[in-house]
Amino acid sequence: MDYGTLTIDEIRNGYRYDESEKAHVCNYCGRRFPAGQVFPMGDRYFEPEFAAREHITAEHDGSFRKLIEGGAKYNTFTDTQKELLGLFAQGLSDNEIASKLGIKASTVRHQKFTFREKAKQAKYYLAVYEEVFGEDGSRRKAEDIVDIPNTATMMDDRYVITEKERERILKSEFETMEPLRLRHYPLKAKRQVVVLSEVAKLFEFGRTYSESETREMLSAVYEDYSMLRRYLVDYGFMGRKKDGSEYWLK
């Protein structure tokens, strides 16, 4: 999920509408709810958008919970702030929250004020960004920085890669792009990010892959498939079960 392509409402709701597929799509698992169909859930039937909403609640414990727990590099809330937001979301009064947390109501009000000011700051920042780069980033030039994966686990200079750099690295590190075949695994971290980003595109978002499926797909790209798999997980492109039996694109 690329937050840069989503509206605030789509991020908040947990699903988006894909015009090309004529379907509402879950941001978290990729499940699709195509137009013109109805979806059984429990003892009721829902049209696509309502089905997407029910799915978010039933399968992901609600969009608020996913937002507060996810977001990777964009989620800068502290544990205390997350707890406060959860209590605010329940509709509790400042006094009730203060009683639950053993703090003063004035402290709760101050934190609420801080949240509101940060929201204003974010709106202002977005307005300036869109004025400079365009609402959808369409004013970007070829030398602009490549988007950083939302699930990146390490935020440093290795992710500062221009489009031209990316194209040059792909040409030098891969024997062929179709089918994808790697010459060798690079030693430099920046080149690793580009390589792993490309390899990750082989996997479909919302699908879970067995260990054997993952091994087969990666071995076709590079003989040391286990190293590729390990770095895909370490860099945050993929998730896996603790026992290594299943993998999925994050």
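From a predicted model like this one, the values you see are computed outputs, not experimental measurements. (Residues numbered from 1 in each chain as written. Predicted model: local features only at pLDDT ≥ 70, side-chain atom pairs only at ≥ 80, totals over all residues. Heavy atoms only, no water.)

Peer 1: Just checking my understanding: could you explain the state of the cysteines for this structure?
Peer 2: What is meant by a disulfide is a covalent connection between two cysteines, made through their sulfur atoms. By the definition in use, this model includes zero disulfides. Considering cysteine sulfurs only, Cys29 is the nearest to Cys26, which forms no disulfide, with 3.7 Å between them. Since its relative accessible area comes to 1%, Cys26 is described here as buried. (Disulfide = S-S within 2.5 Å. Buried < 20%, exposed > 50% of the residue type's maximum accessible area, 1.4 Å probe, protein only.)

Peer 1: Looking at this structure, how should I read the sheet that holds strand S9 (residues 238-240)?
Peer 2: Backbone-to-backbone hydrogen bonds join strands into a sheet, with any given pair of strands oriented parallel or antiparallel. Taken in spatial order, the three strands line up as S8-S10-S9 in an open sheet, and their pairing is antiparallel. Lying at the two open borders of the sheet, with one neighbouring strand each, are strand S8 (208-210) and S9. For this sheet, the mean angle separating the axes of adjacent strands, direction not counted, is 30°. Taken together, the three bridges between S8 and strand S10 (residues 246-249) define a ladder with antiparallel strand orientation. In the strand pairing of S10, Ser210 is matched with Glu246. The strands touched by helix H9 (residues 211-219) are S8 and S10; relative to S8, the strand with the most contacts, the crossing angle is about 85°. (Pairing = 2+ DSSP bridges. Helix = DSSP H or I, 4+ residues; strand = E, 2+ residues; numbered from the N terminus. Axes fitted to C-alpha atoms, helices over the stretch in contact; angles between N-to-C directions. Contact = heavy atoms within 4.5 Å.)

Peer 1: I would appreciate a short explanation of helix H7 (residues 163-173) in the present structure.
Peer 2: Because each turn of an α-helix spans 3.6 residues, side chains separated by three or four positions in sequence point in the same direction. What H7 keeps buried is the set Arg166, Ile169, Leu170 and Glu173. All buried residues of H7 fall inside an arc of 100° around its axis, so they share one side. In H7, the exposed residues that point more than 90 degrees away from the buried face are Lys164, Arg168 and Lys171. Looking at the packing, one finds that the buried side of H7 touches strand S6 (174-177), strand S7 (180-182) and helix H8 (189-200). (Arc of directions from axis to C-beta.)

Peer 1: Got a minute to help me understand the side chain of Thr214 in this structure?
Peer 2: The residue Thr214 is located in helix H9 in this model. Only 2.9 Å separates the side chain of Thr214 from the backbone oxygen of Ser210, close enough to count as a polar contact. Setting aside residues up to four positions removed in sequence, Thr214 forms contacts with Phe203, Tyr209, Arg229 and Tyr247. (Polar contact = N/O pair within 3.5 Å; in protein donor to acceptor, adjacent residues only side chain to side chain.)

Peer 1: How do you make sense of the pattern of salt bridges when you look at a structure like this?
Peer 2: Side chains that carry opposite charge are capable of pairing whenever their charged atoms lie near each other. A complete count under the given rule lists 14 salt bridges for this structure. A salt bridge links Glu211 to Arg215; its shortest N-O distance comes to 2.5 Å. Remark: Arg215 and Glu211 occur in helix H9; sequence separation between them is four residues, near one turn of the helix. Owing to a relative accessible area of 24%, Glu211 belongs among the partly exposed residues under this scheme. For Arg215, a relative accessible area of 30% gives the class partly exposed. Note that Glu246 and Lys241 form a salt bridge whose closest N and O atoms lie 3.5 Å from each other. Salt bridges sharing common partners tie together Arg166, Glu198 and Lys201. (Salt bridge = Lys/Arg side-chain N within 4 Å of Asp/Glu carboxyl O.)

Peer 1: Sorry if this is basic, but what is going on with the packing of helix H4 (residues 79-89) against helix H5 (residues 94-101) here?
Peer 2: Each pair of packed helices can be described by the angle between their axes along with the distance between the axes. Packing of H4 against H5 leaves a shortest axis separation of 10 Å and a crossing angle of 135°. Relative to H5, the element H4 lies oblique. Where H4 crosses over H5, the two elements pack in a sense that is right-handed. Contact with H4, carried on its side by Glu83, Leu84, Leu87 and Phe88, involves Asp94, Ile97, Lys100 and Leu101 of H5 and no other residues of that element. Taken together, the residues of the contact of H4 with H5 break down into five nonpolar, no polar and three charged. (Parallel < 35°, antiparallel > 145°, perpendicular 65-115°, else oblique. Left-handed = near helix turned anticlockwise from the far one by under 90°. Nonpolar A, V, L, I, M, F, W, Y, C, P; charged D, E, K, R; others polar.)

Peer 1: Looking at this model, I keep getting lost on the packing of aromatic side chains. Mind explaining?
Peer 2: The description of an aromatic ring pair rests on the distance of the ring centres and on the angle between the ring planes. Taken as a whole and judged by the stated rule, the model has six aromatic pairs. Centroid distance Phe77 to Phe115: 6.4 Å. Interplanar angle 70°. Geometry classified as edge-to-face. Of this pair, Phe77 sits in the loop between helix H3 (63-69) and H4 while Phe115 sits in helix H6 (residues 105-133), and the two are 38 residues apart along the sequence. Residue Phe77 is classed as partly exposed on the basis of its relative accessible area, which comes to 37%. Measuring from centroid to centroid gives 5.1 Å for Tyr185 and Tyr231, while their planes differ by 15°, and the two rings are stacked. Of the two residues, Tyr185 is situated in the loop between S7 and H8 and Tyr231 in helix H10 (residues 225-234); the sequence distance between them amounts to 46 residues. Taking relative accessible area as the criterion, Tyr185 reaches 10% and is therefore assigned buried. Clustering of aromatic rings is evident, with ring pairs tying together Phe77, Phe88 and Phe115. (Phe/Tyr/Trp six-rings, centres within 6.5 Å; stacked < 30°, edge-to-face > 60°.)

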